[in-house]
Amino acid sequence: MAAAGSAVGLGNIWRFPYLAGQNGGAAFLLIYLAFILLICFPVMVGEIAIGRKAGLDAYGSYKKIGGANWGYLGLFGILGCFFILSFYNVVAGWAFGYFLEITFGSLLSEKDFSSFFGSYVTDIGDNFWFSLGFMVITAFIVTKGVQKGIEMANKIMMPMLYIILISLIIYGLTLPNALAGVKFYLVPELSEITPQTIFDALRQAFFSLSLGMGALITYGSYVKKNQNIVSSAAIISVADTMVAFLAGLMIFPLVFSAGIMPSEGPPLVFIILPKIFHDMHPVVGRIVGGSFFLMLCFAALTSTISMLEVPTAYLVDQKKLPRKSVVWLLAGLIFILGLPSMISQGVKGFEFLNKLTFYQGKDFLTFISDTADMGLTIGGCLMCVFISYRWKINNMNEELSIGNENYMKSFAQKYISFAIRYICPLLLGVMSLLIIYDKFFGLNNLF
Ligand code: PHE
């Protein structure tokens, strides 16, 4: 449950729809699903297996199984968590602010939600306090230890999230022009597939499943020996993919019915959803809209918890530091690291962070998020190399058989072994190089 909570988050509801919207809708969805099945599922199984085998944090696990040098791979992931959480917490702060403004404020009486969002993210006061609040709640829960709080929250949050998503899908389908949105999302135009579609689908799949940065190694270290890792990984992948899929099915009919561009980018859900809640009866809008953003906050919270847990576990396991102080220290540092992302959305006096000259004129938040994404696919690639050449596939399979007696004879065993040995490292290696090249020089210059 906790790992599913880590996976389901802003990635599913905020990032998946806007990336799909920018990349041709159905074409993106198709490639995304293929990556989940072909690459992400085996990588997830591998990560959890490493964590359970070693029973330590990301650094400690690699080091225990593979020796000191492999420990650096764990450190690389821990650093990735640091950066991801820094900007993720800013976006979570937006969601938190929207929850409060919709439920208790006057947000729904606005007229133009696009310009509202534009001015909202430059309101440094609100953003500062909301994201600070979010970080404090995250840190508080992490000081209590991962399992207790999260599993409880998830048991209530996940079903609620599904109910709200499905209700909004049904509602959306009744609106005029909704079918154009369904078509955009479900009927692929293969001619729309570009290298960008493929790269974005891959990095999004890794991000959404919390892969490639040691989060699942850390959580794997808490998994009991009688548990079946393969079926747990299957449940996590399916639950996460379902939420992303439903989020898309909710957003695109609404987008097409409201006449908004699906390629709106990061503001997409912050523009379209308030508009829909605005069009409802005022009280209903407040309740449905407020509940939606509250669920989004919960989903984000179970993810931020997992990100803060990764460096915490490292410092507690390796440096023997007290958990409580470590958590607050890390939370403070990561919050500070997030400040440039927070003010990079066009705050007066900081316009340079909104248009980075060295990064094709994009903003700092996008820069950090893209850079961290590169770490995920590289981390995933190296993890496969680690399993194949250092730990050895047979030893991984032995670990996977614990709690799953029939594993050795199963199709899953053949498929996971083959994928981790050949498909994943190869595809992830090639794609990571192409993604890096594309980000800094533009792929068009290569061909
Ligand atoms: N998977 C989370 C989401 O979709 C984000 C995340 C990434 C969490 C990496 C932990 C580690 O929102």
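Cut-offs used in this document
- Residues numbered from 1 in each chain as written.
- Predicted model: local features only at pLDDT ≥ 70, side-chain atom pairs only at ≥ 80, totals over all residues.
- Heavy atoms only, no water.
- Helix = DSSP H or I, 4+ residues; strand = E, 2+ residues; numbered from the N terminus.
- Rg over C-alpha atoms; globule rule 2.2 N^0.38 Å.
- Contact = heavy atoms within 4.5 Å.
- Areas by Shrake-Rupley, 256 points an atom, 1.4 Å probe, with all protein chains shown as cover.
- Lys, Arg positive; Asp, Glu negative; His and termini not counted.
- Charge placed at Lys NZ, Arg CZ, Asp CG, Glu CD.
- Salt bridge = Lys/Arg side-chain N within 4 Å of Asp/Glu carboxyl O.
- Buried < 20%, exposed > 50% of the residue type's maximum accessible area, 1.4 Å probe, protein only.
- Polar contact = N/O pair within 3.5 Å; in protein donor to acceptor, adjacent residues only side chain to side chain.
- Phe/Tyr/Trp six-rings, centres within 6.5 Å; stacked < 30°, edge-to-face > 60°.
- Lys NZ or Arg CZ within 6 Å of the ring centre and 35° of its normal.
- Near = heavy atom within 4 Å.
- Axes fitted to C-alpha atoms, helices over the stretch in contact; angles between N-to-C directions.
- Parallel < 35°, antiparallel > 145°, perpendicular 65-115°, else oblique.
- Left-handed = near helix turned anticlockwise from the far one by under 90°.
- Nonpolar A, V, L, I, M, F, W, Y, C, P; charged D, E, K, R; others polar.

Q: Let's hear about the overall build of the protein chain: which residues, and what values?
A: Counting secondary structure elements, the protein chain contains 19 helices and zero strands. Compactness check: the protein chain gives a C-alpha radius of gyration of 21 Å against a globular reference of 22 Å for 447 residues, within 12% of the reference. Principal-axis analysis of the C-alpha atoms gives the protein chain an extent of 60 × 50 × 45 Å. Taking the intrachain contacts of the protein chain between residues at least 6 apart in sequence as the baseline, contacts between residues at least 24 apart amount to 80%. Carbon together with sulfur atoms contributes 69% to the accessible area of the protein chain, which is approximately 17,700 Å² in total. The distance from the centre of the 28 positive side-chain charges to the centre of the 24 negative ones in the protein chain is 11 Å.

Q: Give me the pattern of salt bridges: which residues, what numbers.
A: Considering all chains together, one arrives at nine salt bridges under this definition. Here glutamate 399 and arginine 52 are joined by a salt bridge, their closest N and O atoms 2.8 Å apart. With glutamate 399 in helix 18 (residues 393-401) and arginine 52 in helix 3 (residues 26-54), this residue pair connects regions lying 347 residues apart in the sequence. Glutamate 399 gets classed as buried once you look at its relative accessible area, which sits at 2%. For arginine 52, a relative accessible area of 4% translates into the label buried. Here arginine 203 ties to aspartate 370 by a salt bridge, and the two come within 3.2 Å at their closest N and O atoms.

Q: So what's going on with unusual backbone geometry? Which residues, and what values?
A: Residues other than glycine seldom take positive phi values, yet serine 210 does so here, at roughly 55°. The topology assignment puts serine 210 in the loop between helix 10 (195-208) and helix 11 (215-220). At lysine 320, a residue that is not glycine, the phi angle is positive and equals roughly 55°. Relative to the assigned elements, lysine 320 resides in the loop between helix 14 (282-319) and helix 15 (323-342).

Q: Describe helix 4 (residues 58-66), and please don't skip the residues or the numbers.
A: Counted residue by residue, helix 4 has seven buried out of nine residues, so it is predominantly covered. Among the residues of helix 4, those classed as buried are Ala58, Tyr59, Gly60, Ser61, Tyr62, Ile65 and Gly66. Looking at the buried side of helix 4, the elements it contacts are helix 3, helix 5 (68-103), helix 11, helix 14 and helix 17 (364-391). The N-cap of helix 4, judged by a side-chain oxygen 3.1 Å from the amide nitrogen of tyrosine 59 a few residues on, is aspartate 57. In the segment just after helix 4, glycine 67 is the residue with positive phi, at about 100°.

Q: Which residues make up the packing of aromatic side chains, and what values do they have?
A: Counted according to the given criterion, the structure contains 38 aromatic pairs. Seen from their ring centres, phenylalanine 41 and tyrosine 415 are 6.4 Å apart, and the 15° between their planes marks the pair as stacked. Residue phenylalanine 41 is found in helix 3, and its partner tyrosine 415 is found in helix 19 (residues 411-441); the two are separated by 374 residues along the sequence. One aromatic cluster is present, formed by Trp94, Tyr98, Phe116, Phe117, Tyr120, Phe270, Phe277, Phe292 and Phe293 through successive ring pairs. Its guanidinium or amino end placed over the ring of tyrosine 389, arginine 421 lies 5.7 Å from that ring's centre, counting from NZ or CZ.

Q: Before we move on, could you go through the side chain of serine 388 and cite the residues and values that matter?
A: One can find serine 388 in helix 17. We classify serine 388 as buried; its relative accessible area is 2%. Apart from residues lying up to four places away in sequence, serine 388 is in contact with Ile393, Ile420 and Arg421.

Q: Residues and numbers for the site of the ligand, please.
A: The local shell around the ligand holds 14 residues, among which Ala7, Gly11, Tyr88, Phe207 and Ser208 are the closest. The side chain of tyrosine 88 places a nitrogen or oxygen atom 2.5 Å from an oxygen atom of the ligand. A distance of 3.0 Å separates a nitrogen atom of the ligand from a polar atom in the side chain of serine 210. Elements supplying a minimum of two residues to the shell around the ligand: helix 1 (2-7), helix 2 (10-22), helix 10 and helix 14.

Q: I'd love a proper account of the packing of helix 9 (residues 178-186) against helix 12 (residues 229-258), names of residues and values included.
A: Their axes nearest at 7 Å, the elements helix 9 and helix 12 cross at an angle of 135°. Relative to helix 12, helix 9 is oriented oblique. Note on packing geometry: the crossing formed by helix 9 with helix 12 is right-handed. For the pair formed by helix 9 and helix 12, the contact residues are Ala178, Ala180, Gly181, Val182, Phe184, Tyr185 and Leu186 on the first element and Ala244, Phe245, Gly248, Leu249, Phe252, Pro253, Phe256 and Ser257 on the second. Broken down by class, the residue content of the contact of helix 9 with helix 12 amounts to twelve nonpolar, three polar and no charged.

Purely geometric stuff here, so don't read any function into it on its own.
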